[in-house]
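Chain by chain, the residues:
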Amino acid sequence: MKPNVLTIVLLGLASSSCDKVEDLANKAKSAVESLIAKKAGESGASQSDPALQKLVDETPEGFVFRKDLPLPGKIEVRTTRIHELSGRFFEASAIESHAQVVKGTQTTVTKLERAGSQVRYTLEQSTFAEPVIEGADKSKQPAVKELAPPSKPRVFGKSGTAWKSDNSEGFRAAALSQQLGPVFDSLLVENALAPRALWFGKRRFKVGDTLAVSGESLPMLVTGDAKGSLDLTFESVEAVKGHPCGVFAVTGHFSRKQFADFEGNFSDEDVSIQSGKLWLSLIYPLILREETDTIQSTKSGGGGGLAARGQGSVKVSVIREWKATGP
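Not measured: the values here are computed from a predicted model.

Draft legend 1. Representation of the packing of aromatic side chains. Per the stated rule, a full pass over the model turns up 17 aromatic pairs. For the ring pair F65 and F234, a centre distance of 5.9 Å and an interplane angle of 75° mean the geometry is edge-to-face. Here the residue F65 occupies a position in the loop between β2 (62-64) and β3 (74-92), and F234 occupies one in strand β10 (residues 225-240), the gap between them amounting to 169 residues. Like F65, the residue F234 is buried in the burial classification. An aromatic cluster of at least three residues, connected via ring pairs, comprises F63, F65, W199, F200, F205, F234 and F248. The positively charged end of R203 is found above the aromatic ring belonging to F205, 4.1 Å away from the centroid. Sitting over the face of the ring of W279, R289 holds its NZ or CZ atom 4.1 Å from the ring centroid.

Here it is, written out as structure tokens:
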């Protein structure tokens, strides 16, 4: 689970440009419409891929969430994250500090490809749209702002036990290698490129069964240096882009320190899940979809640079289009 967004949005807005507004608006609209279509399809009409369905372990006693199968050697994951947020933020540097209220929708689309000991990361879209004013003149509608431009693929490779960024980016690659090296394996798990070490046991689950996840079992759902407790209720079986999953209602709270993303951003976060659902693969230890209403507090930066803190409500929607591209 990765709801780490508040301070990243604030920092992005501080440096964003209003250029290419129409193009960005179209991209944001397209992403939202695509997500709605996916939700509609996966809510009932989506069918499991027959080859994957054959791997589901189901008996009259219920489902087993498998963890015995190795992941394919080649994987591609395109992730669409849409966060509807409303919160108050504070940023400070050695020169100045200020607070502001931010409301709107952040859309992020990333593509990850793994082939053994090589990982390619591409940022395809990162935008922020303020709330649309109903009935207002189109010329006065808020602009869609680009938090970061689309990037060319960034390649990471494993040398011995360490992951390093391709040296074609020079200083940036060296800095990322130093920053992300210690947490890269956790990033792979978070983004469904590696299986979660902790998963369900041999217990079979039927609709209505419950599970409390806390303490040593928390990494099953939350990666990184985390503490907290989450309560799950098994509700149904659905497919996410053809991949059969068990759908669980979720509530609870967790916090974690220095949680990273592939851009080298690190944040502390405290998250209360008021309500939501998780789609957990029935075949591999992976989380493929998340829909949660949360209250979050985050902070990032510091150490002489720009520091940011944020607190507010965030409606999180994540869909991972996961597919094997090779054996």
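There is more to say, and it comes next.
Draft legend 2. A look at the pattern of salt bridges. Within this structure, the stated rule accounts for 13 salt bridges. Across the pair R203 and D209 runs a salt bridge whose closest N-O atoms are separated by 4.0 Å. Residue R203 is classed as partly exposed on the basis of its relative accessible area, which comes to 39%. Given the relative accessible area of 23%, D209 is considered partly exposed. Between R289 and E291 there is a salt bridge, and its shortest N-O distance comes to 3.3 Å. Both residues of the pair, R289 and E291, belong to the buried class.

Draft legend 3. The environment of F184, seen in detail. With respect to the helices, strands and loops of the structure, F184 is situated in helix α5 (residues 184-190). Distance from F184 to F262, taken between C-alpha atoms, is 8.6 Å for residues 78 residues apart in sequence. Setting aside residues no more than four positions away along its own chain, F184 makes contact with V119, F156, W163 and F262.

Draft legend 4. Here's a closer look at the side chain of T294. Note that T294 resides in strand β13 (residues 287-301). Overall, T294 belongs to the buried group, its relative accessible area being 3%. Within the local environment of T294, its side chain forms a polar contact with the side chain of Q296, the two groups lying 3.1 Å apart. At a separation of 2.8 Å, a polar atom in the side chain of T294 contacts the main-chain carbonyl oxygen of V314. In contact with T294, other than residues within four places in its own chain, are V271, S272, I273, G312, S313, V314 and V316.

Draft legend 5. Expanded view of the side chain of S126. Structurally, S126 is set in strand β5 (residues 118-129). Apart from the residues lying within four places of it in its own chain, the contact partners of S126 are T107, T108, K145, E146, L147 and A148.

Draft legend 6. Structural detail: unusual backbone geometry. Positive phi is not limited to glycine here, since A192 has a value of about 65°. Tracing the chain through its elements places A192 in the loop between α5 and β9 (210-214). Here K241, not a glycine, exhibits a phi torsion of approximately 50°, which is positive. Within the secondary structure layout, K241 lies in the loop between β10 and β11 (243-260).

Calculation criteria
- Residues numbered from 1 in each chain as written.
- Predicted model: local features only at pLDDT ≥ 70, side-chain atom pairs only at ≥ 80, totals over all residues.
- Heavy atoms only, no water.
- Phe/Tyr/Trp six-rings, centres within 6.5 Å; stacked < 30°, edge-to-face > 60°.
- Helix = DSSP H or I, 4+ residues; strand = E, 2+ residues; numbered from the N terminus.
- Buried < 20%, exposed > 50% of the residue type's maximum accessible area, 1.4 Å probe, protein only.
- Lys NZ or Arg CZ within 6 Å of the ring centre and 35° of its normal.
- Salt bridge = Lys/Arg side-chain N within 4 Å of Asp/Glu carboxyl O.
- Contact = heavy atoms within 4.5 Å.
- Polar contact = N/O pair within 3.5 Å; in protein donor to acceptor, adjacent residues only side chain to side chain.

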